[in-house]
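Chain and residue survey
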Amino acid sequence: MAILKDILYKVSLVSISGITDTEIGNITMDSRAVKEKTLFVAVKGTQADGHQFIEIAIDKGASAIICEAMPAQLQEGITYIEVKNSSEALGIISSNFFGNPSSKLSLVGVTGTNGKTTTVTLLHKLFRSLGYNAGLLSTVENKINEEVIPSTHTTPDAVTLNQLLHNMVEAGCTHCFMEVSSHSVVQHRIAGLTFAGGAFTNITHDHLDYHKTFEEYIKAKKMFFDNLPSTAFALVNADDKRGMVMIQNTKAKKQTYGLKTMADFKGKLISNTFHGIELEIDRKDVWFKLIGSFNAYNLLGIYGIAVLLGEDSEEVLKELSSLESAKGRFEQIVSKEKITAIVDYAHTPDALKNVLETIQDLRQGNEQIITVVGCGGNRDAAKRPVMADIACKLSDKVILTSDNPRNEDPMDIIAQMQKGVSLMDQKKTMVIPDRKEAIKTALMLAGGNDILLVAGKGHENYQEIKGVKHPFDDKETVKELFQLLGK
């Protein structure tokens, strides 16, 4: 329970009708979750406007309403609070309601197009191995120490987010590492949170279905750094040309990492194999179990964050060297015929290019690279031909297939991908919409020492078709088919 006037602290108020010393036992923006003593926050969403459900919320027991426009008829005994922005108010109120849990943790947000999940997952593993109680908020899963809480969004809604942070504090956590999506910044899901630091991995073509232009996408990422306090650090990848743009207006302590340019945390890639990478960091040569130059950046960023949080650099490198990658990130399955299948979440042009260039670097001789790739439905369609082109340029054979078609026809998605396949590359490209059949065909085409990349879904254990999630796991499918084909 909390008193309404207390949880309105720091909210930009326009007007109030009713009393504010009433008790609040629940906060929600979903009218279906309203019960007695609920504060209902009317948020204008992409699918529906919460203002249309104010009467329903009151009928179900809501005692107070947050809105951007006062209803024409005000009911007696109900407190109405008009605010400039309901989404932003929801974030601040949620934080206040749960006792501002983020201020009791060293909360680090990681944003960027690629590498967010690997970075926060390994940070969580690192700080657990260093002896801390720590929380994780990621695309794959949320964790309180080792307890797993299923994840539905890259960044949860403001109420769920603060509830999770509160539970972390209750469990004795001192640190939390979270992915910060561009959507969550624009939708104010992180409003009211106190960050100890923020990190930027890179930015490439993604989510233009939502942000409409690349400039808007960049602006959304930058907003996270613009809002960091002076007590926080802002660590960016100096090798990404937009890294320095991110921290132009931040009040936080500016720090950089990089492999190619001068940086506060400088690394050098010494060797890159299927068994791991050797990096020179702060004049020390260290062997890591992760693979690929893109992971060299992730490791360097993680090292920088840990040191900025006050950890001993040598201890950090020692623990980092023993950690393995996040689920569905460059996971390898090697068959008895020595065919190497790699399952990776690469679902953006840049991520796919990184993974395939890494495979190219690692190939020993004349092994074939066979790529199975699709694109998600109801998402940024502009990247579809680009991804097909990248797959063709960096592979010997390509099978275009279905990913998560969602509410689109898989063949329409594949047809858009095919626009990126040149006349020269058409002869090495096949279309097999059934994902399992596509993987099976790729394995049948593969011989000893060949490399198969199954891209796009990584850790996901479902395929979303027409609003229904059907069980499907790329890694398990590969294992099953290796056995079935006797390879």
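Higher on the page you've got the structure.
The structure contained in this document is the topic of the report that follows. (Residues numbered from 1 in each chain as written. Predicted model: local features only at pLDDT ≥ 70, side-chain atom pairs only at ≥ 80, totals over all residues. Heavy atoms only, no water.)

Description of the overall build of the protein
When its secondary structure is counted, the protein shows 16 helices and 26 strands. The buried share among the 487 residues of the protein stands at 56%. Counting every atom, the protein has about 20,500 Å² of accessible surface; 49% of that belongs to carbon and sulfur. Counting 54 positive and 60 negative side-chain charges, the protein places the centres of these two groups 3 Å from one another. (Helix = DSSP H or I, 4+ residues; strand = E, 2+ residues; numbered from the N terminus. Buried < 20%, exposed > 50% of the residue type's maximum accessible area, 1.4 Å probe, protein only. Areas by Shrake-Rupley, 256 points an atom, 1.4 Å probe, with all protein chains shown as cover. Lys, Arg positive; Asp, Glu negative; His and termini not counted. Charge placed at Lys NZ, Arg CZ, Asp CG, Glu CD.)

Things to note about the sheet that holds strand β20 (residues 340–344)
Sheets are built from strands paired through backbone hydrogen bonds, the pairs being either parallel or antiparallel. With mixed pairing, the six strands of this open sheet are ordered in space as β19-β20-β24-β21-β22-β23. In the strand order of this sheet, the two ends are held by β19 (331–334) and β23 (429–431), each with one partner. Each strand of the sheet is rotated relative to its neighbour by a mean of 20 degrees, with strand direction disregarded. Here strand β22 (residues 397–400) runs beside β23; their pairing, made up of three bridges, is parallel. Counterpart to V398 in the pairing with β23 is T429. Strands in contact with helix α12 (residues 349–362) are β20, β21 (369–373) and β24 (451–455); relative to β24, the strand with the most contacts, it is inclined by about 170 degrees. (Pairing = 2+ DSSP bridges. Axes fitted to C-alpha atoms, helices over the stretch in contact; angles between N-to-C directions. Contact = heavy atoms within 4.5 Å.)

Section: unusual backbone geometry
Its identity is not glycine, yet N145 carries a phi of approximately 55 degrees, on the positive side. Within the secondary structure, N145 sits in the loop between β10 (141–144) and β11 (147–150). At R283, a position not held by glycine, the phi torsion is positive, near 65 degrees. Its place among the elements puts R283 in the loop between β17 (276–281) and β18 (284–288).

Looking at helix α4 (residues 116–129)
When the terminal C-alpha atoms of α4 are compared, their 20 Å separation across 14 residues agrees well with the 20 Å that a helix rising 1.5 Å per residue should span. Along α4, 11 of the 14 residues are buried, which leaves the element largely enclosed by surrounding structure. Within the span of α4, buried status applies to K116, T117, T118, T119, V120, T121, L122, L123, H124, L126 and F127. Phi for G131, located one or two positions after α4, is positive at around 100 degrees. (Expected span 1.5 Å × (residues − 1).)

Side note on the pairing of strand β8 (residues 106–111)
By the criterion of burial, β8 is predominantly enclosed, with five of the six residues buried. Relative to strand β12 (residues 175–179), β8 runs parallel, the two sharing five bridges. Looking at the pairing, V108 lines up with F177 of β12. As defined by bridge partners, β8 adjoins strand β13 (residues 197–200) across four bridges and the pair is classed as parallel. Counted as the bridge partner of V108 is G197 from β13.

Regarding the pattern of salt bridges
Here the idea is simple: oppositely charged side chains can pair when their charged atoms come close. Here the structure, examined in full by the defined rule, presents 21 salt bridges. E146 is the salt-bridge partner of R128, the closest N and O atoms lying 2.8 Å from each other. Placement of the pair is R128 in helix α4 and E146 in the loop between β10 and β11, with a sequence separation of 18 residues. Close ionic contact of E324 with K289 constitutes a salt bridge, the shortest N to O distance being 3.8 Å. Here E324 is found in the loop between α11 (313–320) and β19, whereas its partner K289 is found in the loop between β18 and α10 (293–308), with 35 residues between them in sequence. Accessibility expressed as a relative area gives 49% for E324, which makes it partly exposed. Each of R128, E141, K143 and E146 takes part in a single network of salt bridges with overlapping partners. (Salt bridge = Lys/Arg side-chain N within 4 Å of Asp/Glu carboxyl O.)

Let's talk about the pairing of β21
Of all the five residues making up β21, five are buried; the element is thus mostly covered by neighbouring parts of the structure. Alternating residues of β21 divide into I369, T371 and V373 and I370 and V372, and every residue in both groups is buried. Pairing between β21 and β24: four bridges, direction parallel. What sits directly across from V372, in β24, is V454. Bridging between β21 and β22 involves four bridges; their strand directions are parallel. Across the sheet, the residue bridging to I370 is K397, located in β22.

What to know about the packing of aromatic side chains
In this description, an aromatic ring pair is defined by two values, namely the gap between the centres and the angle between the planes. What the rule picks out here adds up to seven aromatic pairs. With centroids separated by 5.1 Å and ring planes inclined at 90 degrees, the aromatic side chains of F97 and F98 adopt a geometry described as edge-to-face. Classification of F98 by relative accessible area gives buried; the value is 12%. Relative to F330, the ring of F294 has its centre 6.2 Å away and its plane inclined at 45 degrees; by these criteria the two rings are tilted. With F294 in helix α10 and F330 in the loop between α11 and β19, this residue pair connects regions lying 36 residues apart in the sequence. (Phe/Tyr/Trp six-rings, centres within 6.5 Å; stacked < 30°, edge-to-face > 60°.)

What about the nonpolar core?
If you look at the biggest cluster of nonpolar residues, it comprises 36 residues, and the most contacted ones within it are L126, F127, F177, L279, F288, I305 and L320. For this core, the elements supplying multiple residues, two or more each, are β8, α4, β9 (134–137), β14 (233–237), β17, β18, α10 and α11. When residues in this core are grouped by element, the largest group, eight residues, is from α10. Not counting chain neighbours up to four residues away, the residues in contact with F288 comprise H275, G276, I277, L279, I281, L299, L317, L320 and S321. (Core = buried A, V, L, I, M, F, W, Y, C linked by side-chain atoms within 4.5 Å.)

In short, geometric facts, not functional conclusions.
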